[in-house]
Amino acid sequence: MSDFRDYLGSRALSRGLTLSVLLLGVTFWASWSVIVVLLAKSNLHLSPVQLLSLVAIAGASGAVSKLLGTLLANILGRWMPTVIATLMLLISIISFVQFSAVQLSYPILVALAAGSGIGCMMFASAFDLTRQSKIMTPLPLSMSLVIGMTIFSLFLAQLVVPLLATWQLAAVDSTLILERSSGHFFSRIEAGQAILLNNFSFVWAILFGLTAILSAAAALWSNHKQSLPKVTLRKLLTHNGHVWYCSILYNMTFGSFIGFTMALPLMLEFVFGYSTLILVWMGPFIALLARPFGRWLATIFGGALITQVSLLLMMIFGALAGRYMYFAQHGATELYFEPFFISMLGLIFTSALGNGSVVVSMTKVFPRTYTHRVLIWAGTIAMLGAVYLPLRFAWALQSQNMDTVYIDFIVFYVIGFLLNGFVYLRRHGQFYNP
């Protein structure tokens, strides 16, 4: 019995539960990239602007929650996983009830999207694990685990949610009906079948319930005290300009990945009308491969150099995607789906590649004590990509000029290319080729 209590109070279990709540919470948040596509195919008949707005609301929820998490992590300490898991359990139950209701209204969907990002509060606690890990542990690797979990959560959501939403259970019913065919990784789903979004909420409610119970037990039996950071984010923002430089580069890479991955499924649905849920999981999947590859290249050739190459490739793929989007809107749409989708995969791959190299650069620019705080701030800014990009596409969709969105991003990448070259690749700069 004493061995079991010791295990409950161990740091290993505490870290495992922290990462588990983060993974479940971010997956729940990322599920809205798929939910909106299923709603677009349903008999609810929401407008494209309404659906893209739901993605933006969910994105804003994640960004705000991630920032609030830095405050709550210091206040709640070891109880943070328990509180967040319990809150997400309640949100999952509410989602299950609403998705099972006879009538589902748009204001209810707005409220559900606004509460979906609460699990993102766990980022601060997860990054604190990298600060508390042993000195001999390579910092980029430990931080990459936390950042990589975001990518894996998007992959998991886009793979699992379509499967669960079309999994017919005798005890679960829904008034949402597919009016156009859809699908998932394993098969195509024809029109006329029920959309069971409550299935996903039900499964995640069980998982959040289990983690909440285990987290409470671990917090009760824990002996260790949580050491609070000595460096405040406000001090970093006002005293170190490199926090802003690195945040811009982080936003260009990771922010682009998050924004395009969240908006791509719905964008493909509006422009091409295919059953794209069979394919969209490929984006976060290749990002899972690209990010550690970018980190590995950065340790060999330098973080700033790999970031520069990545930004250049992002300009090229962005230009190609914009070109094929233009042709798809003004020609035979079906001819341009494959080249457009491949261009988007290239953009997602290179943005994840560049993110891996940016994090390596940050470990050279900032002392280890500071790096996890800078990453929390930069990651919060990057999540705004899931706010800006859906809103920008909604605006462009009204004028039928969705290709112009890519002009914005190409200009943004050019600015980042010049900034990275001037600050980190000048031979006499403070951090030359870090």
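Relevant structure appears above.
Because the structure is predicted, anything quoted here is derived from the model rather than measured. (Residues numbered from 1 in each chain as written. Predicted model: local features only at pLDDT ≥ 70, side-chain atom pairs only at ≥ 80, totals over all residues. Heavy atoms only, no water.)

*Asks:* I tried to follow the packing of helix H14 (residues 337-365) against helix H17 (residues 404-424) on my own but got confused; where do I start?
*Replies:* Any two packed helices are characterised by the angle at which their axes cross and by the distance between the axes. Where H14 contacts H17, the two axes come as close as 14 Å, and the packing angle between them is 25°. With respect to H17, the axis of H14 lies roughly parallel. The handedness of the crossing between H14 and H17 comes out as left-handed. On the side of H14, the interface is formed by Phe340, Met344, Leu347 and Val365, while H17 contributes Tyr406, Tyr413 and Tyr424. (Axes fitted to C-alpha atoms, helices over the stretch in contact; angles between N-to-C directions. Helix = DSSP H or I, 4+ residues; strand = E, 2+ residues; numbered from the N terminus. Parallel < 35°, antiparallel > 145°, perpendicular 65-115°, else oblique. Left-handed = near helix turned anticlockwise from the far one by under 90°. Contact = heavy atoms within 4.5 Å.)

*Asks:* It is not clear to me how the pattern of salt bridges should be interpreted in this structure. Could you clarify?
*Replies:* Where charged atoms from two side chains of opposite charge approach closely, those side chains can pair. In the structure shown here, the tally under the stated rule is two salt bridges. For Lys41, the salt bridge goes to Glu269, with nearest N and O atoms at 3.1 Å. Of this pair, Lys41 sits in the loop between helix H3 (32-40) and helix H4 (48-76) while Glu269 sits in helix H11 (residues 241-271), placing them 228 residues apart in sequence. Owing to a relative accessible area of 1%, Lys41 belongs among the buried residues under this scheme. Where Asp408 meets Arg392, a salt bridge forms, and the shortest distance between an N and an O atom there is 2.5 Å. (Salt bridge = Lys/Arg side-chain N within 4 Å of Asp/Glu carboxyl O. Buried < 20%, exposed > 50% of the residue type's maximum accessible area, 1.4 Å probe, protein only.)

*Asks:* Would you take a moment to explain the packing of aromatic side chains for this structure?
*Replies:* Taken as a whole and assessed by the stated rule, the structure comprises 25 aromatic pairs. Ring geometry for Trp281 versus Phe285: centroids 6.0 Å apart, planes at 70°, classification edge-to-face. Classification of Trp281 by relative accessible area gives buried; the value is 13%. For Phe285, a relative accessible area of 36% translates into the label partly exposed. Among the aromatic residues, those joined into a cluster by ring pairs are Phe260, Phe272, Phe337, Phe340, Phe341, Tyr388, Phe393, Tyr406, Phe409, Phe412 and Tyr413. Stacked on the ring of Phe123, the Lys or Arg Lys66 has its end atom at 4.1 Å from the ring centre. (Phe/Tyr/Trp six-rings, centres within 6.5 Å; stacked < 30°, edge-to-face > 60°. Lys NZ or Arg CZ within 6 Å of the ring centre and 35° of its normal.)

*Asks:* What is the right way to look at the nonpolar core in this model?
*Replies:* When a protein is soluble and globular, its nonpolar side chains tend to lie buried together. In this structure, Trp29, Tyr250, Phe260, Phe340, Phe393 and Tyr406 are the most contacted members of the largest nonpolar core, which totals 131 residues. Ranked by the residues each element gives to this core, the list is headed by H11, at 16 residues. Apart from residues no more than four positions distant in its own chain, Tyr406 is found in contact with Phe260, Met267, Gly318, Ala321, Gly322, Met325, Phe340, Met344, Leu347 and Phe393. (Core = buried A, V, L, I, M, F, W, Y, C linked by side-chain atoms within 4.5 Å.)

*Asks:* In this structure, what is going on with the side chain of Ser351? I would like to understand it.
*Replies:* Residue placement: Ser351 occurs in helix H14. With a relative accessible area of 1%, Ser351 lands in the buried category. Excluding residues that lie within four positions of it along the chain, Ser351 makes contacts with Thr253, Phe254, Ser256, Phe257 and Met314.

Keep in mind that these numbers describe shape and distance, not what the molecule does.
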